[in-house]
Amino acid sequence: SGEPKQRPPFSDVWIRDKLLAPGALDGLNSEARCVLLAMVNTGARPSEVAALTADQIRLDADVPHISIEAVDRQLKSANARRVIPLCGVSLDAMKEHPEGFPRYLGSSASLSATVNKYLRTHGLLETPKHSLYGLRHSFEDRQLAAGVDERIRRDLMGHALKRERYGKGASLGQLQKLVQATAL
């Protein structure tokens, strides 16, 4: 049809009541489970989380965060290089894997297949059109609903800005406050 496939966002209620329900993700291997949880409050792409190295996971910083950068891989675009604060379940997930996700390093397709099959098999997809990637869209929807500025949303998501980028943008501390306000 020529149109890109729409990936619907999970609703906050679905994420909270189904995906984050006690035991819901216990059958997933720890790395796949923690990549999913890391996506909830970062909006990072599955491939970006899977490619994180210990150097890019900064849990001891004043503001715990991940740094999406081109380390032994190409980023989707120049805008994809960014830092994202870790809050809520995403911070907890990264604490479980401070060295990264060696099982899926360079293999985000098998990560997505594993997670999507698990979610489908266990009735954890909100609709048949939902997939792991929908967590990225849910994150942006929460930011939009909270009134977060478009420039900041684009910076967090790694999207281009349709105008010149002036200044440095929000500080990591400012980003943390904004993400924390909508974190699950």
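Structural notes, computed from the coordinates. (Residues numbered from 1 in each chain as written. Predicted model: local features only at pLDDT ≥ 70, side-chain atom pairs only at ≥ 80, totals over all residues. Heavy atoms only, no water.)

Considering the packing of aromatic side chains
Definition in use: Pairing of aromatic rings covers Phe, Tyr and Trp, the last counted by its six-membered ring, and requires centre-to-centre distances within 6.5 Å; plane angles under 30 degrees mean stacked, over 60 mean edge-to-face, and any other angle means tilted. Note on criteria: charge over ring means Lys NZ or Arg CZ within 6 Å of the ring centre, with the direction from the centre no more than 35 degrees off the ring normal.
Counted according to the given criterion, the structure contains zero aromatic pairs. Sitting over the ring of Tyr133, Arg7 keeps its end group 4.0 Å from the ring centre. The ring of Trp14 carries the charged tip of Lys18 above its face, separated from the ring centre by 5.4 Å.

Some remarks on the pattern of salt bridges
Between side chains of opposite charge, a pair can form as their charged atoms come close. Which entries qualify depends on this criterion: Salt bridges are counted wherever a side-chain nitrogen of Lys or Arg sits within 4 Å of a carboxyl oxygen of Asp or Glu. Per the convention used, a helix needs a DSSP run of H or I reaching at least four residues, while a strand needs a run of E reaching at least two, with both numbered from the N terminus. Exposure is judged per residue with a 1.4 Å probe applied to protein chains only, and the accessible area is read against the type maximum: over 50% gives exposed, under 20% gives buried, and values in between give partly exposed.
Summed over the entire model, instances satisfying the criterion amount to eight salt bridges. Note that Arg33 and Glu96 form a salt bridge whose closest N and O atoms lie 2.7 Å from each other. Remark: Glu96 occurs in helix H4 (residues 88-96) and Arg33 occurs in helix H2 (residues 30-40); sequence separation between them is 63 residues. According to the relative accessible area criterion, Arg33 is buried, its value standing at 16%. Close ionic contact of Arg82 with Glu48 constitutes a salt bridge, the shortest N to O distance being 2.7 Å. With Arg82 in strand S3 (residues 82-85) and Glu48 in helix H3 (residues 46-50), the pair connects residues that are 34 residues apart, well separated along the chain. Judged by its relative accessible area of 6%, Arg82 is buried. Exposure remark for Glu48: the relative accessible area of 2% places this residue in the buried category.

The analysis is restricted to geometry; functional conclusions fall outside its scope.
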